[in-house]
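# Understanding the architecture of this molecule
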Amino acid sequence: MPKKVLNCMGAVLISETVDIPSNVKTVLGRIGAACRRAGRRPAGVTLVAVSKGMGVSSIQVAYEAGVRHFGENRVQEAEGKITGLAGLTDITWHLVGHLQSNKLKAAMRLFHIIHSVDSTRLAEALSRQATAMAGREAFPVLLEVNVARESTKQGFDVEDVPGAVEAASRLRGVRIVGLMAIAPAVDDPEEVRPVFRKLRELRDALGLAELSMGMTEDFEAAIEEGATMVRIGRAIFGPRNS
Ligand SMILES: *Cc1c(COP(=O)(O)O)cnc(C)c1O
C-alpha cells in the first residue's frame, strides 16, 4: 500500500511503503556476514544510518528498530530533526557532508562527530570554535580523503594526509580519530575495493582508530577491507526523493 509521508521540508509525498525495521535487520545481517568473511567482530563496525532527505518519523522508526547512530549531510537540514529528537538522548549524530565555515558553531552544537573535515583551514576553524565553547571534551573528527582524486569530491589528496593529520593533531579542542572516504560510484563494488584498501593502509600507517567507508552500494566490500563505520542511507530508508 502506498502511504502518505512527510518529507523533511514538510511536503506531503505519496511513497511506496518502506519497511525500515526489516531493512535494518537485513543490513545488520549483511554487516554480520561481511564481518564473518573477514574474521572481524560485528561490534567493530558501527552502522550509521544516513537520514538525509528523511523526516523525523522515519528516524524514529529506525531508532525503535535499534539504530543509535544517525548521519546527516547538511547542518541546516539536520537542525530541526536533531532538535525534534532531542528526547532520544542516546543517539549519536554524525555530520557526513561538507561543512561550510558559517555553520561551524551550529554543527558543533548539534553533532557529536564530524566525518567530513576536508581542509586544514576547516580543522583550524573547528579548533578555534571548540576553544570558544569552553568546557567540553575535544571534538572527534575524521579527515576526508579523496582517494580516487575525483574533481567532483572534497577531501585531502592521499599524499597530503600525513601532514594534515600531523598539523591537526596539534590543534586544541579537536581530536583526529580516523579517516573517511566516499568511493567513486561504480556498478561493481569490487572495482572500489582498492580505494578502501588504500584508505585502510593510510589509516594504519597513521595509527588512527576509525575508518568511515562504505555506503549502500559497497558497504560489504568496505567492511571486508576494514571499515569501522559504514554510512548507509537507501538500504535502510529507501530511495530519496531528491
Ligand atoms: C548520502 C550519503 C551516504 C549514504 O548513501 P547511500 O548510498 O544512500 O547509502 C553516505 N555518506 C555520505 C557522505 C552521504 O552523503
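Our subject is the structure listed above.
In this report, the structure presented in the accompanying data block is examined. Since the model is a prediction, treat every value here as computed from it, not as a measurement. (Residues numbered from 1 in each chain as written. Predicted model: local features only at pLDDT ≥ 70, side-chain atom pairs only at ≥ 80, totals over all residues. Heavy atoms only, no water.)

### Structural notes on the pattern of salt bridges
For the coordinates displayed, the defined rule picks out 17 salt bridges. Taking the shortest distance from any N to any O, the salt bridge between Glu 220 and Arg 30 comes out at 2.9 Å. Placement of the pair is Glu 220 in helix α8 (residues 219–224) and Arg 30 in helix α1 (residues 20–38), with a sequence separation of 190 residues. For Glu 190, the salt bridge is made with Arg 193, and the minimal N-O distance between the two is 2.7 Å. Three or more residues joined by partner-sharing salt bridges are found here, namely Arg 37, Glu 190, Arg 193, Arg 197, Glu 224 and Glu 225. (Salt bridge = Lys/Arg side-chain N within 4 Å of Asp/Glu carboxyl O. Helix = DSSP H or I, 4+ residues; strand = E, 2+ residues; numbered from the N terminus.)

### Some words on the nonpolar core
Counting residues in hydrophobic clusters, the biggest one holds 71 residues, and the most contacted among them are Phe 70 and Leu 126. Counting residues per element, this core draws most heavily on α1, which supplies 6 residues. In this structure, Ile 113, Leu 142, Met 180 and Met 229 belong to the second largest nonpolar core, which totals 5 residues. (Core = buried A, V, L, I, M, F, W, Y, C linked by side-chain atoms within 4.5 Å. Buried < 20%, exposed > 50% of the residue type's maximum accessible area, 1.4 Å probe, protein only.)

### Here's the deal with helix α7 (residues 193–206)
Compared with an ideal rise of 1.5 Å per residue, which puts 14 residues at 20 Å, α7 spans 20 Å between its outermost C-alpha atoms and is within 8% of the ideal. Of the positions making up α7, those classed as buried are Arg 193, Val 195, Phe 196, Leu 199, Leu 202 and Arg 203. Tucked inside the fold, the buried residues of α7 contact α6 (161–169), β8 (174–180), β9 (210–212) and α8. Of the residues one or two after α7, Gly 207 is the one with positive phi, at around 70 degrees. (Expected span 1.5 Å × (residues − 1). Contact = heavy atoms within 4.5 Å.)

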